[in-house]
Amino acid sequence: MKIRGFEVISAFADKNINLPERSTEHSAGYDIEASENTVLKPGEIKLIPTGLKAYMQAGEVLYLFDRSSNPRKKGLVLINSVGVIDGDYYNNPSNEGAIFAQMKNISDEDVLVEKGERVVQGVFMPFLVADGDNAQGERTGGFGSTGK
Ligand SMILES: O=c1ccn([C@H]2C[C@H](O)[C@@H](COP(=O)(O)OP(=O)(O)OP(=O)(O)O)O2)c(=O)[nH]1
Ligand SMILES: [Mg+2]
């Protein structure tokens, strides 16, 4: 029975994408790799593809957090601070739930993120809703799909 986890999106089915793993027994974060080489110029913001989608239970979220080593070792930051991967993003009609890491190059040189390089970490967590919240509607995509 599927409870929560990651799957490779169909566009990357034959690209040897590794499913995220935790690096130690008690690590919270699943290390998520870039699915293709990406070069960011100084100051550039780019959506780095992971080739992955994530499924989870109702009331759960997958947070994307930066890796603490990124700013110092790579000169990159997760520019939206924390990625919020909604459960209804999975298999959405516009992009299958493809997860991207939105990174900014804060260095003064080009930065190459290679396929297979761990770029962010994902943590599954429960979330709470407010009294009287009866949000409806299906998610059709990401990155502004619900409007301004
Ligand atoms: O770092 C991120 C952040 C979001 N997403 C995807 C998954 C998420 O479910 C969807 C929407 O994210 P969010 O709600 O943060 O963006 P928004 O600007 O509010 O867009 P929308 O109107 O689509 O909700 O975009 C990513 O792939 N990476
Ligand atoms: Mg949103």
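These numbers come from a predicted model, not from an experiment.

Colleague: Residues and numbers for the site of ligand 1, please.
Modeller: As a structural note, the neighbourhood of ligand 1 is formed by 17 residues, with Asp-86, Phe-100, Gly-144, Ser-145 and Thr-146 the closest of them. Gly-144 places a polar main-chain atom, nitrogen or oxygen, 2.6 Å from an oxygen atom of ligand 1. Here ligand 1 has 550 Å² of accessible area as a free molecule, and 79% of this is covered by the chains. Using a 2 Å cut-off from the grid points, one finds that ligand 1 occupies the largest pocket. Of all the elements, strand 9 (residues 82–86) adds the most residues to the shell around ligand 1, at four residues. When its residues are assigned to classes, the shell around ligand 1 shows eight nonpolar, seven polar and two charged.

Colleague: So what's going on with the UniProt feature "domain: dUTPase-like" (unreviewed entry) in the chain? Residues and values would help.
Modeller: Annotation from UniProt places "domain: dUTPase-like" (unreviewed entry) at residues 16–146. Split by type, residues 16–146 is 4% helix and 39% strand. Its first and last C-alpha atoms lie 32 Å apart.

Colleague: So, the sheet that holds strand 2 (residues 21–22): which residues are in play, and what are the values?
Modeller: Strand order in the open sheet formed by five strands is 2-3-12-7-9, and the pairing between neighbours is antiparallel. Where the open sheet ends on each side, the last strands, each with one partner, are strand 2 and strand 9. In this structure, strand 3 (residues 30–33) lies alongside strand 12 (residues 118–126), joined through four bridges in antiparallel fashion. Directly across from Ile-32, in strand 12, lies its bridge partner Val-120.

Colleague: Lay out the layout of surface pockets with the relevant residues and their values.
Modeller: Using a probe with the size of a water molecule, rolled over the atoms, empty space left in the structure can be pinpointed. Taken as a whole, the largest pocket holds about 260 Å³ of empty space. Along its surface, the largest pocket is lined by 16 residues, and Asn-80, Gly-83, Val-84, Ile-85 and Phe-143 are the ones closest to its centre. Within the residue set of the lining of the largest pocket, elements represented by two or more residues are strand 9 and strand 10 (100–105). Counting residues per element, the lining of the largest pocket draws most heavily on strand 9, which supplies five residues. Residue classes in the lining of the largest pocket are distributed as nine nonpolar, five polar and two charged.

Colleague: Could you give me a rundown of the nonpolar core, with the residues and numbers involved?
Modeller: Of all hydrophobic cores here, the largest spans 26 residues; its most connected members are Ile-48, Leu-62, Met-103, Val-113 and Val-120. Of all the elements in the fold, those that place two or more residues in this core are strand 6 (52–55), strand 7 (60–66), strand 8 (76–78), strand 10, strand 11 (111–113) and strand 12. Here the element with the most residues in this core is strand 12; it accounts for three residues. The contact partners of Leu-62, leaving out residues within four places of it in the chain, are Phe-6, Ala-54, Met-56, Gly-83, Val-84, Ile-85, Ile-99, Gly-122, Val-123 and Phe-124.

Colleague: Before we move on, could you go through unusual backbone geometry and cite the residues and values that matter?
Modeller: Even without being glycine, Ser-81 reaches a positive phi, approximately 65 degrees. Tracing the backbone shows Ser-81 in the loop between strand 8 and strand 9. On the basis of relative accessibility, which here comes to 54%, the residue Ser-81 falls in the exposed class. One non-glycine residue, Glu-96, lies in positive phi territory at about 65 degrees. Within the secondary structure layout, Glu-96 lies in the loop between strand 9 and strand 10.

Colleague: Can you break down the environment of Glu-117 residue by residue, with the values?
Modeller: Structurally, the position occupied by Glu-117 is in the loop between strand 11 and strand 12. Separated by 80 residues in sequence, Glu-117 and Asn-37 place their C-alpha atoms 8.9 Å apart. Beyond its immediate chain neighbours, meaning those up to four positions away, Glu-117 contacts Ile-32, Glu-33, Ala-34, Lys-74 and Leu-112. A polar atom in the side chain of Glu-117 sits 2.6 Å from the side chain of Lys-74.

The rules we used
Residues numbered from 1 in each chain as written. Chains lettered and ligands numbered in written order. Predicted model: local features only at pLDDT ≥ 70, side-chain atom pairs only at ≥ 80, totals over all residues. Heavy atoms only, no water. Near = heavy atom within 4 Å. Polar contact = N/O pair within 3.5 Å; in protein donor to acceptor, adjacent residues only side chain to side chain. Areas by Shrake-Rupley, 256 points an atom, 1.4 Å probe, with all protein chains shown as cover. 1 Å grid on protein atoms, 1.4 Å probe; cavity = no way out; pocket = protein on both sides within 12 Å on 5 of 7 lines; lining within 4 Å. Sits in = over half its atoms within 2 Å of the grid points. Helix = DSSP H or I, 4+ residues; strand = E, 2+ residues; numbered from the N terminus. Nonpolar A, V, L, I, M, F, W, Y, C, P; charged D, E, K, R; others polar. UniProt positions renumbered as here; feature names shortened; annotations may be inferred. Pairing = 2+ DSSP bridges. Points joined across faces, edges and corners; volume = space filled by probe spheres on them. Core = buried A, V, L, I, M, F, W, Y, C linked by side-chain atoms within 4.5 Å. Buried < 20%, exposed > 50% of the residue type's maximum accessible area, 1.4 Å probe, protein only. Contact = heavy atoms within 4.5 Å.

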